[in-house]
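# Close look at the chain arrangement
The residues making up each chain are set out below.
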Amino acid sequence: MKQVLPLLVTLMVICVLSCKQGQQPDKRLTKASKNYQNGWAYVHLEGSPSVIGYQHGYLLAGAIDTAIQSVSFYLNHETKKDWAFYRSCAGSFLWNKLDREYKDEINGIVEGLHAQHLNYDSLDITAFNAFEELGYYYVPLLMNKEHPGSGDNKAPGNCSAFIATGSFTKDGKIVIGHNNWTEYIYGQHWNVIADIVPEKGNHILMDCMPGFIHSGDDFLITANGILITETTITQFKGFNTAAVPEFMRARKAAQYSNSIDDVIKIFTTDNNGGYANDWLIGDTKTNEVAKLELGLKDYRVWRSKDTAIIGSNFPSDPKLIKEETTFDVHNATTSPNTRKKRMEQLVTDLKGKLDIETGKVLEADHYDVLQNKNANNRCVVCGHIDEDSLGCKEWDNAPYYPMGAVQAKLTTADLAKDMKIWARMGHPCGADFIGEKFYTAHPEYRWQEKYLKDMKAHPWTLFESLKQETAAH
């Protein structure tokens with residue numbers, strides 16, 4: 001009997017392995033692939049909306065699960081609204097505003113998750129895609145209705161970015177760069193490079209969070225020469241639940257625009273005001289770049305074939321500033337204004353030299369114009385609010401709040417033509433965030449420890465689109 005039991009166990013294992021090996025892979029995964037490199041998860045997704053969604057949900061299931069858990073945990077703590085509230089928002093005023101193809105893609109993600117034994121539904125994925133506009137625009141709107149002023153300073157202050165062309169770049173063609181500022185607890189999950197070949201519209205290469213149908217932070221290029229990034233408008237106030245979610249307009253602008261005018265039209269049509277941004281847009285076909293400053297009621301466009309446009313979360317249009325923000329353009333100590341001054345200096349000093357290598361230097365810059373020296377704080381292009389004794393009042397960040405630059409991306413017109421981008425996960429300067437060291441110094445933030453451990457910096461890495469004919473699961 002002692003010899004029979006080990007034999008039975010061995011036979012059972014062989015049977016299980018044989019059954020698994022005998023399973024036919026889902027045909028929807030045939031053209032999809034995934035690999036990991038230097039902190040990034042690269043996925044190639046190709047097909048109809050539902051197929052792209054299934055590939056996404058299946059290949060990134062574990063990462064989607066972890067990201068949703070960290071976001072829902074964080075929102076519950078900071079906005080005092082649980083995940084059921086955000087799901088209810090998705091059901092009551094977001095889902096019915098989505099085009100059929102994006103509903104199909106979200107349902108595909110859900111089906112892929114179910115295939116990996118994760119029990120999420122379309123409301124979870126919709127709420128997750130919209131968490132920035134719900135948590136930082138809709139919830140503050142509700143707060144201000146109940147107690148005027150209580151929802152101020154909630155709009156996120158995310159990102160440093162630039163787009164340049166003409167005499168400002170080394171080859172006279174477009175260069176575009178962006179680093180993502182956000183809370184480390186979920187910013188660490190903004191680590192997907194998605195190579196999307198949809199059934200209709202443009203081939204897209206973008207960074208995103210796992211489970212997003214849009215970039216979210218935003219940085220993307222398309223096969224027809226459209227380049228898009230953004231920085232948010234600090235201290236913005238406004239949201240319209242009856243209009244189209246920002247996350248769908250962002251994806252649609254990427255997928256269906258063939259010009260700067262197309263991008264502007266899609267963003268401004270039925271705009272809900274969520275995630276109000278200064279959008280930096282380029283078209284490599286014309287070598288023109290533009291800035292679309294988009295609020296809820298107001299928007300304005302600047303465009304040129306010889307300029308460098310920077311973004312650091314400051315609004316520019318006087319009408320929008322007056323009507324839709326509480327932003328103080330004269331306060332030289334704020335993060336948006338100090339970075340604006342520094343980035344204007346940098347693009348002037350680098351005029352005629354901007355390319356990938358100088359762009360990497362710009363995105364990692366640590367010079368504080370208030371102190372006239374290098375520093376790690378809210379005032380530098382590569383932000384480290386977790387090391388700032390003042391925090392960032394204009395974003396409602398207390399001293400040493402664990403927030404700042406979590407990754408960076410760059411490309412040029414020539415690289416974009418071949419669907420290539422450079423990306424760096426972690427602080428663009430290369431510094432690591434070490435959780436235990438931070439929590440020992442700042443125990444008031446140890447509540448985040450469950451989902452925020454370490455955020456290591458990885459090297460700059462060149463990513464390119466996987467050719468359609470070589471894509472394989």
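Above this text is the structure in question.
Now for a description of the structure that goes with this document.

With respect to the helices, strands and loops of the structure, Val329 is situated in the loop between helix H11 (318-324) and helix H12 (335-349). Each C-alpha atom of the pair Val329 and Pro318 lies 9.6 Å from the other, and the pair is 11 residues apart in sequence. Not counting chain neighbours up to four residues away, the residues in contact with Val329 comprise Ile321 and Asn337.

Next up on the list: the environment of Asn191. Position of Asn191 among the secondary structure elements: in the loop between helix H8 (184-187) and strand S5 (192-198). Taking the C-alpha atoms as reference, Asn191 lies 6.2 Å from Met209; in sequence the two are 18 residues apart. Here Gly39 takes part through its backbone oxygen, which lies 3.4 Å from a polar atom of the side chain of Asn191.

This part covers the layout of surface pockets. Within this model, the largest pocket holds a volume of roughly 440 Å³. Those elements that provide at least two residues to the lining of the largest pocket are helix H3 (61-79) and helix H7 (131-146). Among the elements that make up the lining of the largest pocket, the one with the highest residue count is H7 (seven residues). Grouping the constituent residues of the lining of the largest pocket by class yields 13 nonpolar, eight polar and seven charged.

Let us look at the pattern of salt bridges. Inspection of the entire model under this criterion finds 27 salt bridges. Of the charged contacts in the structure, one is a salt bridge between Asp99 and Lys252, with a shortest N-O distance of 3.1 Å. Of this pair, Asp99 sits in the loop between helix H4 (83-94) and helix H5 (100-115) while Lys252 sits in helix H9 (residues 246-256), and the two are 153 residues apart along the sequence. A relative accessible area of 26% means that Asp99 is categorised as partly exposed. For Lys252, a relative accessible area of 28% gives the class partly exposed. With a shortest N-O distance of 3.2 Å, Arg446 and Glu449 are connected by a salt bridge. Arg446 sits in the partly exposed class, given a relative accessible area of 30%.

All right, on to helix H6 (residues 122-129) then. Each α-helix winds once per 3.6 residues, and so residues spaced three or four apart point in a common direction. Of all eight residues that make up H6, seven are buried, and the element is covered over most of its length. Along its buried surface, H6 packs onto H3, H4, H5, H7 and H9. Its side-chain oxygen at 3.1 Å from the backbone nitrogen of Leu123, Asp121 defines the N-terminal cap of H6.

We now examine the pairing of S5. Taken across its seven residues, S5 has seven buried, putting it largely inside the fold. A two-sided burial pattern is seen for S5, the buried positions comprising Val192, Ala194, Ile196 and Pro198 on one face and Ile193, Asp195 and Val197 on the other. Two elements, strand S2 (residues 40-47) and S5, share seven bridges in a ladder whose sense is parallel. In the sheet register, Gly47 faces S5, and the bridge partner there is Pro198. Between S5 and strand S6 (residues 204-208), which pair antiparallel one after the other, the connecting turn spans five residues, and Gly201 there sits at a positive phi close to 90 degrees.

Attention now moves to the sheet that holds S6. Across the sheet, nine strands lie side by side as S1-S2-S5-S6-S7-S8-S9-S10-S11; this open sheet has mixed pairing. The strands lining the two open edges of the sheet, one partner per strand, are strand S1 (33-37) and strand S11 (299-304). Taking the axes of each pair of neighbouring strands and ignoring which way they run, one obtains an average angle of 15 degrees across the sheet.

Take unusual backbone geometry next. Cis rather than trans, the peptide bond between Asp217 and Asp218 has omega equal to -5 degrees. For Asp218, the location among the structural elements is in the loop between S6 and strand S7 (219-222). With phi around 100 degrees, Cys159 is a residue other than glycine that occupies positive phi space. Given a relative accessible area of 0%, Cys159 falls into the buried group.

Now for the packing of aromatic side chains. If you walk through the whole model with that rule in mind, you get 27 aromatic pairs. Look at Tyr186 and Trp190: their rings are 6.4 Å apart centre to centre, the planes differ by 50 degrees, and that puts the pair in the tilted class. Exposure remark for Tyr186: the relative accessible area of 0% places this residue in the buried category. Here a set of aromatic residues connected by ring pairs shows up, and it is made of Phe73, Tyr74, Phe128, Phe131, Tyr186, Trp190, Phe212, Trp447 and Tyr451. When the ring centre of Tyr54 is taken as reference, the NZ or CZ atom of Arg28 above it lies at 3.7 Å. Directly above the ring of Trp422 sits Lys360, whose terminal nitrogen or CZ lies 3.8 Å from the centroid.

Cut-offs used in this document
Residues numbered from 1 in each chain as written. Predicted model: local features only at pLDDT ≥ 70, side-chain atom pairs only at ≥ 80, totals over all residues. Heavy atoms only, no water. Helix = DSSP H or I, 4+ residues; strand = E, 2+ residues; numbered from the N terminus. Contact = heavy atoms within 4.5 Å. Polar contact = N/O pair within 3.5 Å; in protein donor to acceptor, adjacent residues only side chain to side chain. 1 Å grid on protein atoms, 1.4 Å probe; cavity = no way out; pocket = protein on both sides within 12 Å on 5 of 7 lines; lining within 4 Å. Points joined across faces, edges and corners; volume = space filled by probe spheres on them. Nonpolar A, V, L, I, M, F, W, Y, C, P; charged D, E, K, R; others polar. Salt bridge = Lys/Arg side-chain N within 4 Å of Asp/Glu carboxyl O. Buried < 20%, exposed > 50% of the residue type's maximum accessible area, 1.4 Å probe, protein only. Pairing = 2+ DSSP bridges. Axes fitted to C-alpha atoms, helices over the stretch in contact; angles between N-to-C directions. Phe/Tyr/Trp six-rings, centres within 6.5 Å; stacked < 30°, edge-to-face > 60°. Lys NZ or Arg CZ within 6 Å of the ring centre and 35° of its normal.

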